[in-house]
Amino acid sequence: MISNNMLSQTAAHSVIKQLGCFSVVEYMKDLSVSPGTASTAFFMSKMGVRKRQVVANLNNQGVILQAGAMQIMAGAVEMRSNVQGAGDFFKKMVGSKVTGESAIKPRYFGTGQVIFEPTYKYILLEDLDKWNGAMTIEDGLFLACDESVGMTVTARTNLSSAIAGGEGLFNTTLTGKGVAVLESPAPAEELLVFDLQNDTLKIDGNMAIAWSHSLQFTVERSSRSLIGSAASGEGLVNVYRGTGRVLVAPVG
């Protein structure tokens, strides 16, 4: 049996959120500093620039991680590949080429803990039930998920969204039931959450980091006429239509 203080309150870190088997540990201050780095570390902490680690507490269950995300395995935990045969490997390789995500995402199964590599990015824990069972995410956001969550490649409904919207031709869609762990460029408190009920959301730029798979995404002129778009100074906007949710990072 192994015990540790990862999920205990210490002078350096504490658990700031938990959902399902996933807990997020934040290092409130960096105690291992030198006189030359103390000032920088102090102001980083004050501005929320802090190290964070995700811990998956497994009880005879499994999780899927982004390749290279694991730092420590504690207990009776085994790692397995998420590839099932040559055909599945080819499919995942094709998907990784078009979405930019890694093809091989290890699966960790058993009873114990999987401690992730620390990151300065912000961690989002998303329950797919709140996304009607399917959410599409921007490239680079995926960190981990329950093994019950499926991953598919979603193609754009038209070429305009890829060419003009700066979004690319394909994205990763997470489906099913369970929790998804995402690395966000902004904290959850700063994200704008839009819930659409048979309505339309237009965004000037690719600030949306995740949206319900049920929404139709296109890129359109900001007004009906080309002259009107030029006069407004906006040009093209990303448009989300239907019923679902959109997460927007308002700052770069």
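These numbers were taken from a predicted model, which means no experiment stands behind them. (Residues numbered from 1 in each chain as written. Predicted model: local features only at pLDDT ≥ 70, side-chain atom pairs only at ≥ 80, totals over all residues. Heavy atoms only, no water.)

Peer 1: Help me understand the overall build of the protein in this model?
Peer 2: In terms of regular secondary structure, the protein is built from 4 helices and 15 strands. Every one of the 252 residues in the protein was classed for burial, and the buried ones make up 43%. Sequence separation of at least 24 residues holds for 78% of the intrachain contacts in the protein that already meet a minimum separation of 6. Accessible area for the protein stands at about 13,100 Å²; split by element, carbon and sulfur atoms hold 56% of it. (Helix = DSSP H or I, 4+ residues; strand = E, 2+ residues; numbered from the N terminus. Buried < 20%, exposed > 50% of the residue type's maximum accessible area, 1.4 Å probe, protein only. Contact = heavy atoms within 4.5 Å. Areas by Shrake-Rupley, 256 points an atom, 1.4 Å probe, with all protein chains shown as cover.)

Peer 1: What am I meant to see in the side chain of Glu183 here?
Peer 2: With respect to the element layout, Glu183 can be found in strand β11 (residues 179–184). Polar side-chain contacts of Glu183 include one of 3.2 Å to the side chain of Thr119. (Polar contact = N/O pair within 3.5 Å; in protein donor to acceptor, adjacent residues only side chain to side chain.)

Peer 1: What is the right way to look at the side chain of Ser45 in this model?
Peer 2: Note that Ser45 resides in helix α1 (residues 38–46). Those residues in contact with Ser45, other than ones at most four positions away along the chain, are Met28, Lys29 and Arg50.

Peer 1: Sorry if this is basic, but what is going on with the confidence of the model for the protein here?
Peer 2: Predicted coordinates in areas of low pLDDT are best not read in detail. Within the protein, residue pLDDT values average 84, and 81% of them lie at 70 or more. A low-confidence stretch, residues 225–233 (pLDDT under 50), is modelled with 8 contacts involving residues beyond four sequence positions or located in other chains. (pLDDT = per-residue confidence, 0-100.)

Peer 1: Would you mind going over a nonpolar patch on the surface with me for this structure?
Peer 2: Taken together, the side chains of Met47, Val49 and Tyr120 define a hydrophobic patch exposed on the protein surface, amounting to about 330 Å² of accessible area. Within the secondary structure, Met47 is located in the loop between α1 and β3 (52–65). (Patch = residues over 30% accessible without salt bridge, like charges linked within 9 Å, V, L, I, M, F, W, Y side chains within 5 Å. Salt bridge = Lys/Arg side-chain N within 4 Å of Asp/Glu carboxyl O.)

Peer 1: How do you make sense of unusual backbone geometry when you look at a structure like this?
Peer 2: Leaving glycine out, the prevailing phi sign among residues is negative, and the prevailing peptide bond configuration is trans. Here the phi dihedral of Asn60 falls at roughly 55 degrees; this positive angle occurs in a residue that is not glycine. Mapped onto the elements of the fold, Asn60 is located in strand β3. Positive phi is not limited to glycine here, since Asn198 has a value of about 50 degrees. Here Asn198 lies in strand β12 (residues 192–203).

Peer 1: What is the right way to look at the packing of aromatic side chains in this model?
Peer 2: For any pair of aromatic rings, geometry is given as the distance between the ring centres together with the angle between the planes. One pass over the structure, following the stated rule, counts 4 aromatic pairs. Their ring planes at 25 degrees and their centres at 5.9 Å tell us that Trp211 and Phe217 sit as a pair that is stacked. With centroids separated by 5.5 Å and ring planes inclined at 55 degrees, the aromatic side chains of Trp211 and Tyr240 adopt a geometry described as tilted. With a gap of 29 residues between them, Trp211 in strand β13 (residues 208–212) and Tyr240 in strand β15 (residues 236–248) connect regions that are remote in the sequence. Accessibility assignment for this pair places Trp211 and Tyr240 in one class, buried. Pairwise contacts between aromatic rings join Trp211, Phe217 and Tyr240 into one cluster. A cation over a ring is seen here: Lys51 above Tyr27, with NZ or CZ 5.5 Å from the ring centre. (Phe/Tyr/Trp six-rings, centres within 6.5 Å; stacked < 30°, edge-to-face > 60°. Lys NZ or Arg CZ within 6 Å of the ring centre and 35° of its normal.)

Peer 1: Whenever I open this one, the pattern of salt bridges confuses me. Can you help?
Peer 2: Once the charged atoms of two side chains with opposite charge are near each other, the side chains can pair. Counted according to the given criterion, the structure contains 7 salt bridges. For the salt bridge of Asp129 with Lys177, the shortest nitrogen-to-oxygen distance reads 3.0 Å. Placement of Asp129 in the loop between β6 (122–127) and β7 (134–137) and of Lys177 in the loop between β10 (170–176) and β11 is noted, with a sequence separation of 48 residues between them. Judged by its relative accessible area of 43%, Asp129 falls in the partly exposed class. Members of the salt-bridge network, linked through shared partners, are Glu26, Arg50 and Arg52.

Peer 1: Quick question: what am I supposed to make of the environment of Phe142 here?
Peer 2: Relative to the assigned elements, Phe142 resides in strand β8 (residues 142–146). In sequence terms Phe142 and Gln66 are 76 residues apart; their C-alpha atoms lie 6.9 Å from each other.

Peer 1: Even after reading the chapter, I still don't get the state of the cysteines, so can you show me in this structure?
Peer 2: Chemically, a disulfide is nothing more than a covalent bond linking the sulfur atoms of two cysteines. This model, assessed by the stated rule, comprises 0 disulfides. You can see Cys145 has no disulfide; the closest cysteine sulfur is in Cys21, sitting 9.8 Å from it. (Disulfide = S-S within 2.5 Å.)

Peer 1: Sorry if this is basic, but what is going on with the pairing of β3 here?
Peer 2: Moving residue by residue along a regular strand, the side chains alternate between the two faces of the sheet. With 10 of its 14 residues buried, β3 lies for the most part within the structure. Relative to β3, strand β2 (residues 22–27) runs antiparallel, the two sharing 5 bridges. By the bridge assignment for β3, Glu26 is matched with Arg52. Pairing of β3 with strand β5 (residues 107–116) involves 9 bridges; the strand directions are antiparallel. Its bridge partner being in β5, Asn59 is matched across the sheet by Thr111. Here 3 bridges tie β3 to β8, and the two strands are oriented antiparallel to one another. The residue bridging Leu65 from the neighbouring strand is Ala144, located in β8. (Pairing = 2+ DSSP bridges.)

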